[in-house]
Structure formats: structure tokens, C-alpha cells
Amino acid sequence: MAERNISSQELAAAIDITPANLSILKTGKAKAIRFSTLEKICRVLDCQPGDILKYVPETDDTVNH
């Protein structure tokens, strides 16, 4: 967002989600993201999913058995 000089408010409006939901995505607290939302983010920020996503393996205590 900083590279594209776009605020959270502007991005939320451009991808049609609430600023609160964008905040959840930005802080990594989201459990899931719709592909359509990811596509909108990538289109607005002119980036690839790998530019904004990071894989973090679950620990044993967070894995459902």
C-alpha cells in the first residue's frame, strides 16, 4: 500500500469491504479470504498474491486433530 501511495480507507473502498475487515486482513487475524477479494486487492495494488501473502505453518497446539 505504501508503494502505491494508497490509504487503508481508499483500498477498502476500492475493493468494497469495510475498513474493519481490511484491518483484520492486514494484521493476519483473518482465517480465510475470498479469491474475489484477493483478486480485487491485487488489481488495485497492481501486485501478485505472493507479494501480499505469507505462509505460516500452524503449530501443534493450533492444528485440529
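Scroll up to find the structure.
Values in this document were obtained by computation on a predicted structure and should not be read as measured data.

(A) Representation of the overall build of the chain within the structure. Summing up its helical and strand segments, the chain has four helices and zero strands in all. When the helices and strands of the chain are listed from N to C terminus, the series reads α-α-α-α. Within the chain, the proportion of its 65 residues that are buried is 18%. Carbon and sulfur atoms make up 51% of the accessible area of the chain, which totals about 5500 Å². Charge-centre separation for the chain: the mean point of 8 positive side chains lies 5 Å from the mean point of 9 negative side chains.

(B) How the structure looks around the layout of surface pockets. By volume, the largest pocket is sized at about 890 Å³. Together, 23 residues line the largest pocket, and Leu-25, Gly-28, Ala-30, Leu-53 and Lys-54 are the ones closest to its centre. Secondary-structure elements contributing two or more residues to the lining of the largest pocket are α2 (19-27) and α3 (35-45). Considering only residue class, the lining of the largest pocket consists of 15 nonpolar, three polar and five charged.

(C) Seen up close, the nonpolar core. Among the nonpolar cores identified, the biggest contains 11 residues, and these are Ile-6, Leu-11, Ala-12, Ile-15, Ile-17, Leu-22, Leu-38, Ile-41, Cys-42, Leu-45 and Cys-47. A total of four residues in this core trace back to one element, the largest contributor, which is α3. The contacts of Leu-11, once residues within four sequence positions are left out, are Met-1, Ile-6, Leu-22, Val-44 and Leu-45.

(D) Focus on the pattern of salt bridges. One pass over the structure, following the stated rule, counts one salt bridge. For the salt bridge of Arg-4 with Glu-3, the shortest nitrogen-to-oxygen distance reads 4.0 Å.

(E) Quick peek at unusual backbone geometry. Notably, Asn-5 is not glycine yet its phi reads approximately 55°, a positive angle. Take Asn-5: it is sitting in the segment before α1 (8-15). Of note in this structure, Asp-16 is not a glycine but carries a positive phi near 60°. Residue position: Asp-16 is located in the loop between α1 and α2.

(F) Structural view of the packing of α1 against α3. One can describe the packing of α1 onto α3 by two numbers: an axis separation of 9 Å at closest approach and a directional angle of 125°. Taken as axis vectors, α1 and α3 run oblique relative to one another. Crossing geometry of α1 relative to α3 is assigned as right-handed. For the pair α1 and α3, contact is made by Leu-11, Ala-14 and Ile-15 and by Thr-37, Lys-40, Ile-41, Val-44 and Leu-45, respectively. Taken together, the residues that form the contact of α1 with α3 break down as six nonpolar, one polar and one charged.

Rules behind the numbers
What you see as residue numbers is a count from 1 along each chain, following the sequence as written. Under the rules for a predicted model, residues below a pLDDT of 70 receive no local features and side-chain atom pairs below 80 are neither given nor counted, while totals for whole chains, interfaces and linings still include all residues. In computing side-chain values, all of the structure's heavy atoms are included and hydrogens and water are not. Under the scheme used here, helices are H or I runs from DSSP no shorter than 4 residues and strands are E runs no shorter than 2 residues, and both carry numbers assigned from the N terminus. Relative accessibility thresholds used throughout: buried, under 20% of the residue-type maximum; exposed, over 50%; partly exposed, between the two (1.4 Å probe, protein chains only). Shrake-Rupley sampling with a 1.4 Å probe provides the accessible areas, and residues are treated as covered by the protein chains on show and by no other component. For the charge count, each Lys or Arg is scored as positive and each Asp or Glu as negative, with His and the chain ends excluded. Lysine's charge is taken at NZ, arginine's at CZ, aspartate's at CG and glutamate's at CD. Cavities and pockets are found on a 1 Å grid laid over the protein atoms alone: a cavity is a set of points where a 1.4 Å probe fits but cannot escape, a pocket is an open set with protein on both sides within 12 Å along at least five of seven lines, and a lining residue has an atom within 4 Å of such a point. Grid points are joined across faces, edges and corners, and a volume is the space filled by probe spheres set on the points. Residue polarity follows a fixed list, in which Ala, Val, Leu, Ile, Met, Phe, Trp, Tyr, Cys and Pro are nonpolar, Asp, Glu, Lys and Arg are charged, and the others, Gly among them, are polar. Buried residues of nine kinds, namely Ala, Val, Leu, Ile, Met, Phe, Trp, Tyr and Cys, make up a nonpolar core once their side-chain atoms join them within 4.5 Å. Here a residue-residue contact requires only that any non-hydrogen atoms of the pair lie within 4.5 Å. Put simply, a salt bridge is a Lys or Arg side-chain nitrogen that is within 4 Å of an Asp or Glu carboxyl oxygen. Note on geometry: axes are lines fitted to C-alpha atoms, helical ones only across the stretch in contact, with angles between N-to-C directions running from 0 to 180 degrees. Angles are sorted into four bins: roughly parallel if under 35 degrees, roughly antiparallel if over 145, roughly perpendicular if 65 to 115, and oblique for all others. In this scheme the handedness of a crossing depends on how the near helix is turned from the far one: anticlockwise by less than a right angle means left-handed, clockwise means right-handed.

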